[in-house]
Amino acid sequence: MNSAQKSPSLAVQLRMAVMRTSRRLRAEATSESVTPGQFTVLAILSDGRQTLRQLADREHVQAPSMTRMINALESGGLVTRQSDPSDGRQILVELTDAGREVLRDTRQRRTEWLERRLAGLSAEERKVLREAAAILQKMSAK
């Protein structure tokens, strides 16, 4: 095999597979009420209240962009804002019950989509993926 025919490295193959699967999960099962980026913010808030700055830093966006996203989520009744009792200059953002429901429903749809795809695989392929999932979890924990 010459260099022009060389197959991609394992790292390239894994990156492509993980990214393609991630995109398909987002596209196939994103809630109609939120964008993928808004869903990510809801998921972050499931761990508890965050300031706008913390959310912007975590998502690697500028504060005005995060403010627009929070405005849209608040308009939809999915988050609330309140002043931080320990620092009135800070605004805390928190999920509402409706926000938790959107998060739960979207996660469920994504899991169901993936389960349908997995059902089309052989028992041996599912076994390999189960092992790969454990390895990927281990790799990403470091």
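The structure we're discussing is the one just above.
First, a word on scope: everything that follows refers to the structure included in this document. (Residues numbered from 1 in each chain as written. Predicted model: local features only at pLDDT ≥ 70, side-chain atom pairs only at ≥ 80, totals over all residues. Heavy atoms only, no water.)

**Things to note about the overall build of the chain**
1) Next: The helix and strand tally for the chain stands at six helices and three strands.
2) Next: Ordered by position from the N terminus, the helices and strands of the chain form the series α-α-β-α-α-β-β-α-α.
3) Next: By the compact-globule yardstick of 14 Å for 142 residues, the chain is too spread out, its C-alpha radius of gyration being 19 Å.
4) Next: Along the three orthogonal principal directions, the C-alpha set of the chain runs to about 65 × 35 × 25 Å.
5) Next: Per-residue burial over the chain gives 24% buried out of 142 residues.
6) Next: A sequence separation of at least 24 residues applies to 49% of the contacts in the chain between residues at least 6 apart.
7) Next: Of the roughly 10,000 Å² of accessible surface on the chain, a fraction of 52% belongs to carbon and sulfur atoms.
8) Next: A gap of 8 Å separates the mean positions of the 24 positive and 17 negative side-chain charges of the chain. (Helix = DSSP H or I, 4+ residues; strand = E, 2+ residues; numbered from the N terminus. Rg over C-alpha atoms; globule rule 2.2 N^0.38 Å. Buried < 20%, exposed > 50% of the residue type's maximum accessible area, 1.4 Å probe, protein only. Contact = heavy atoms within 4.5 Å. Areas by Shrake-Rupley, 256 points an atom, 1.4 Å probe, with all protein chains shown as cover. Lys, Arg positive; Asp, Glu negative; His and termini not counted. Charge placed at Lys NZ, Arg CZ, Asp CG, Glu CD.)

**Notes on the nonpolar core**
Nonpolar side chains in soluble globular proteins generally cluster together in the buried interior.
1) Next: By size, the foremost hydrophobic cluster in this structure holds 19 residues, and its most contacted members are L42, L55, I70, L73 and V79.
2) Next: Among the elements of the structure, α2 (36-45), α3 (52-59), α4 (63-75), β3 (87-95) and α5 (97-119) are those that each provide at least two residues to this core.
3) Next: It is α2 that contributes the most residues to this core, six residues altogether.
4) Next: With residues near it in sequence (within four places) discarded, L73 still touches V34, Q38, V41, L42, L78 and V79. (Core = buried A, V, L, I, M, F, W, Y, C linked by side-chain atoms within 4.5 Å.)

**So, the pairing of strand β2 (residues 79-84)**
1) Next: Where β2 lies against β3, six bridges are found, and the strand directions are antiparallel. Across the sheet, residue R81 finds its bridge partner in β3, namely V93.
2) Next: Taking the residues between adjacent antiparallel strands as the criterion, β2 and β3 are bridged by two residues. (Pairing = 2+ DSSP bridges.)

**Quick look at α3**
1) Next: Residues of α3 that are buried: L52, L55 and A56. For α3, the arc enclosing every buried residue in end-on projection is 95 degrees, short of the 170-degree limit, so these residues lie on one face.
2) Next: Where α3 is buried, its residues contact α2, β1 (50-51), α4, β2 and β3. (Arc of directions from axis to C-beta.)

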